[in-house]
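Residue-level listing of the chains:
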Amino acid sequence: MVVGIGAVASGPVLQTDRLELRLPQQGDLHATFALNAHPETARYLGATSAMQDHFTRFMRNAASWLTHGYGSFIVRRHGSDEVIGTIGVFHSWRGLGADFDDMPEAGWILHHDHVGQGLAQEAMDAVFDWFEHSHGPRRIVAMIEQGNVPSFTLASRLGFAPIRDAQLPDGTGMTLLERLPG
């Protein structure tokens, strides 16, 4: 007899001085698609203009939460329902090699109107505190498209160092980075 089957409905909610970070919900699909499809926000995100591509990313994040207990959070300012970003540590496999695949991967996407205000660092600091408390100190990787100076600056502030350069199947040049525990 099946006692109950349901979707993961609750999880961590992180609060910072200016932000609330919560797990994605089904109703966030269109808001995050709009966020990622905006030309200024999407400049370094790769091909995200099709809903089917975004849906795959959205579901991959849900699977990360379900199978690994961590993933990207939905970011809102306190007192607002507007989704201004997706930020977190998720589990992915990108086919980039043993030094990158099958590892916790950090990523941060903020709507272009909210960049340059310290919000991504504020959110990532909270995510790293939560992640280390919940999952222990671990090596975390990230990848940044070459030329994305603001993300490289943030990555350095967050303790990431370059591993190597790589090329995605679509030819996009990326720099792979790591953040070591401690």
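So, how was this worked out
Residues numbered from 1 in each chain as written. Predicted model: local features only at pLDDT ≥ 70, side-chain atom pairs only at ≥ 80, totals over all residues. Heavy atoms only, no water. Helix = DSSP H or I, 4+ residues; strand = E, 2+ residues; numbered from the N terminus. Buried < 20%, exposed > 50% of the residue type's maximum accessible area, 1.4 Å probe, protein only. Contact = heavy atoms within 4.5 Å. Areas by Shrake-Rupley, 256 points an atom, 1.4 Å probe, with all protein chains shown as cover. Polar contact = N/O pair within 3.5 Å; in protein donor to acceptor, adjacent residues only side chain to side chain. Phe/Tyr/Trp six-rings, centres within 6.5 Å; stacked < 30°, edge-to-face > 60°. Core = buried A, V, L, I, M, F, W, Y, C linked by side-chain atoms within 4.5 Å.

## Thoughts on the overall build of the protein
A count of helical and extended segments in the protein gives five helices and eight strands. For the protein, the sequential pattern of α-helices and β-strands runs β-β-α-α-α-β-β-β-α-β-α-β-β. Every one of the 182 residues in the protein was classed for burial, and the buried ones make up 45%. Look at the contacts in the protein between residues 6 or more apart in sequence, and 58% of them connect residues 24 or more apart. When the accessible surface of the protein is summed, it comes to about 9700 Å², and 53% of that surface belongs to carbon and sulfur atoms.

## Examining the side chain of Arg76
As for its position among the elements, Arg76 is in strand β3 (residues 72–77). Polar side-chain contacts of Arg76 include one of 3.5 Å to the side chain of Asp81. Among all residues touching Arg76, those that are not within four sequence positions of it are Arg18, Leu19, Glu20, Arg22, Asp81, Glu82, Val83 and Ile84.

## Concerning unusual backbone geometry
With phi around 60 degrees, Asp102 is a residue other than glycine that occupies positive phi space. With a relative accessible area of 41%, Asp102 lands in the partly exposed category.

## Quick notes on the environment of Phe90
Along the chain, Phe90 turns up in strand β4 (residues 85–92). A residue is classified by how much of its surface remains accessible, and Phe90, at 16% relative accessible area, is buried. Phe90 sits 17 residues away from Phe73 along the chain, and the two C-alpha atoms are 9.4 Å apart. Beyond its immediate sequence surroundings of up to four residues, Phe90 is in contact with Asn61, Ser64, Tyr70, Gly71, Ser72, Met103, Pro104, Glu105, Ala106 and Gly107.

## Examining the packing of aromatic side chains
Tallied over the entire structure, the rule returns seven aromatic pairs. When the centroid spacing of 5.6 Å and the interplanar angle of 85 degrees are considered together, the rings of Phe73 and Trp130 count as edge-to-face. Of this pair, Phe73 sits in strand β3 while Trp130 is found in helix α4 (residues 119–135), placing the two residues 57 residues apart along the sequence. Take Phe73 and Trp130: they sit in the same class, and that class is buried. Arranged with centres 6.1 Å apart and planes meeting at 55 degrees, the rings of Trp108 and Phe160 form a pair that is tilted.

## Focus on the nonpolar core
With 31 residues, the main nonpolar core has Ile87, Trp108 and Phe160 as its most contacted residues. If you list the elements that add at least two residues to this core, you get β2 (19–22), β3, β4, β5 (103–110), α4, β6 (140–145) and α5 (149–157). With sequence-adjacent residues up to four places away left out, Phe160 is seen in contact with Ala106, Trp108, Phe128, Ile140, Val141, Ala142, Ala155, Leu177, Glu178 and Arg179. Counting eight residues, the second largest nonpolar core, distinct from the first, contains Leu96, Phe100, Ala166 and Leu176.

Worth remembering: the numbers are spatial, not functional.
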